[in-house]
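# Fold and contact review
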Amino acid sequence: MADNSDLDELSQRLDAHIEKCESHMKNVDDRIDKLILTQELNAVNIAKLTQATQGVVEAWTVANGLSKFLKWLSSFAILGAIIIWLKDFIKFV
């Protein structure tokens, strides 16, 4: 049969282990809370970045449309130059 000193030692070791476990659980809870907060901040920053880049995307779309329009318009200039050249060429022939 175990004597009182062995039971006291086991009780102290159990108390120390429980305290260590509770400390570890608190650390894990704190880390999870910090992770959740970080993820919330990331979501807010991503939303801000999306809004900030939306203007750039719109400007790029407008510039791309303008580029297509200028290409279309320049095709008329090329067509006009060909017509003028043919008109002048027919005069000489």
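The structure this text deals with has already been given above.
A brief look at the structure comes next. Note that the structure is a prediction, hence the values are computed from the model and not measured. (Residues numbered from 1 in each chain as written. Predicted model: local features only at pLDDT ≥ 70, side-chain atom pairs only at ≥ 80, totals over all residues. Heavy atoms only, no water.)

### Topic: the overall build of the protein chain
The condition that has to hold: By definition, any uninterrupted DSSP run of H or I lasting at least four residues is a helix, any uninterrupted run of E lasting at least two residues is a strand, and each is numbered from the N terminus. When we talk radius of gyration, it's over C-alpha atoms, and the globule rule is simply 2.2 Å times the number of residues to the 0.38. Only protein chains enter the accessibility calculation, which uses a 1.4 Å probe; a residue whose area is less than 20% of its type maximum is buried, one above 50% is exposed, and one in between is partly exposed. In this tally, Asp and Glu contribute negative charge and Lys and Arg positive charge; neither His nor the terminal groups of the chain are included. Note that the charge is assigned to NZ on lysines, CZ on arginines, CG on aspartates and CD on glutamates.
Looking only at helices and strands, the protein chain features one helix and zero strands. For 93 residues, the compact-globule estimate of 2.2 N^0.38 gives 12 Å, and the protein chain exceeds it by more than 25% at 39 Å. Referenced to the eigenvectors of the C-alpha coordinate spread, the extents of the protein chain come out at roughly 130 × 25 × 10 Å. Taking all 93 residues of the protein chain together, 0% fall into the buried category. When the 10 basic and 13 acidic side-chain charges of the protein chain are each reduced to a single mean position, those positions are 31 Å apart.

### Points about the pattern of salt bridges
Which entries qualify depends on this criterion: A carboxyl oxygen of Asp or Glu within 4 Å of a side-chain nitrogen of Lys or Arg is what we treat as a salt bridge.
Applying the stated criterion across every chain yields a total of one salt bridge. Residue D30 is joined to K26 by a salt bridge in which the shortest nitrogen-to-oxygen separation is 3.3 Å. Here the residue D30 and the residue K26 both occupy positions in helix α1 (residues 4–92), the gap between them amounting to four residues, near one helical turn. Residue D30 is classed as partly exposed on the basis of its relative accessible area of 38%.

### Re the environment of M25
Within the element layout of this structure, M25 appears in helix α1. Judged by relative accessible area, which is 48%, M25 ranks as partly exposed. Measuring from C-alpha to C-alpha, the distance between M25 and N4 comes to 31 Å, with 21 residues separating the pair along the chain.

### Concerning a negative patch on the surface
Filter applied, for reference: Like-charged residues are merged into a patch within 9 Å and nonpolar side chains (Val, Leu, Ile, Met, Phe, Trp, Tyr) within 5 Å, provided each residue has over 30% relative accessible area and no salt bridge. Surface accessibility in these figures is a Shrake-Rupley result with a 1.4 Å probe; residues are shielded only by whichever protein chains are displayed.
Taken together, D3, D6, D8 and E9 make up a surface patch of like negative charges. For D3, a relative accessible area of 41% corresponds to the partly exposed category.

### Considering a nonpolar patch on the surface
On the surface, L66, F69, L70, W72, L73, F76, L79 and I83 cluster together into a nonpolar patch covering about 810 Å² of accessible area. Inspection of the secondary structure puts L66 in helix α1.

### A few points about the packing of aromatic side chains
Our working definition: Aromatic rings from Phe, Tyr and Trp, with only the six-membered ring used for Trp, were paired whenever their centres fell within 6.5 Å, and each pair was classed as stacked if the ring planes differed by under 30 degrees, edge-to-face if by over 60, and tilted otherwise.
Across all of its chains, the model carries two aromatic pairs by this definition. Ring centres of F69 and W72 lie 5.8 Å apart, and the angle between their planes is 35°; this geometry places the pair in the tilted category. Residue F69 and its partner W72 are located together in helix α1, separated by three residues, close to a single helical turn. For W72, a relative accessible area of 48% corresponds to the partly exposed category. Seen in terms of ring centroids, W72 and F76 are 4.8 Å apart; in terms of plane orientation they differ by 85°. Their pairing is edge-to-face. With W72 and F76 both in helix α1 and four residues apart, the pair spans about one turn of that helix. The partly exposed category is assigned to F76, whose relative accessible area is 45%. Grouped by ring-pair contacts, the aromatic residues F69, W72 and F76 constitute a single cluster.

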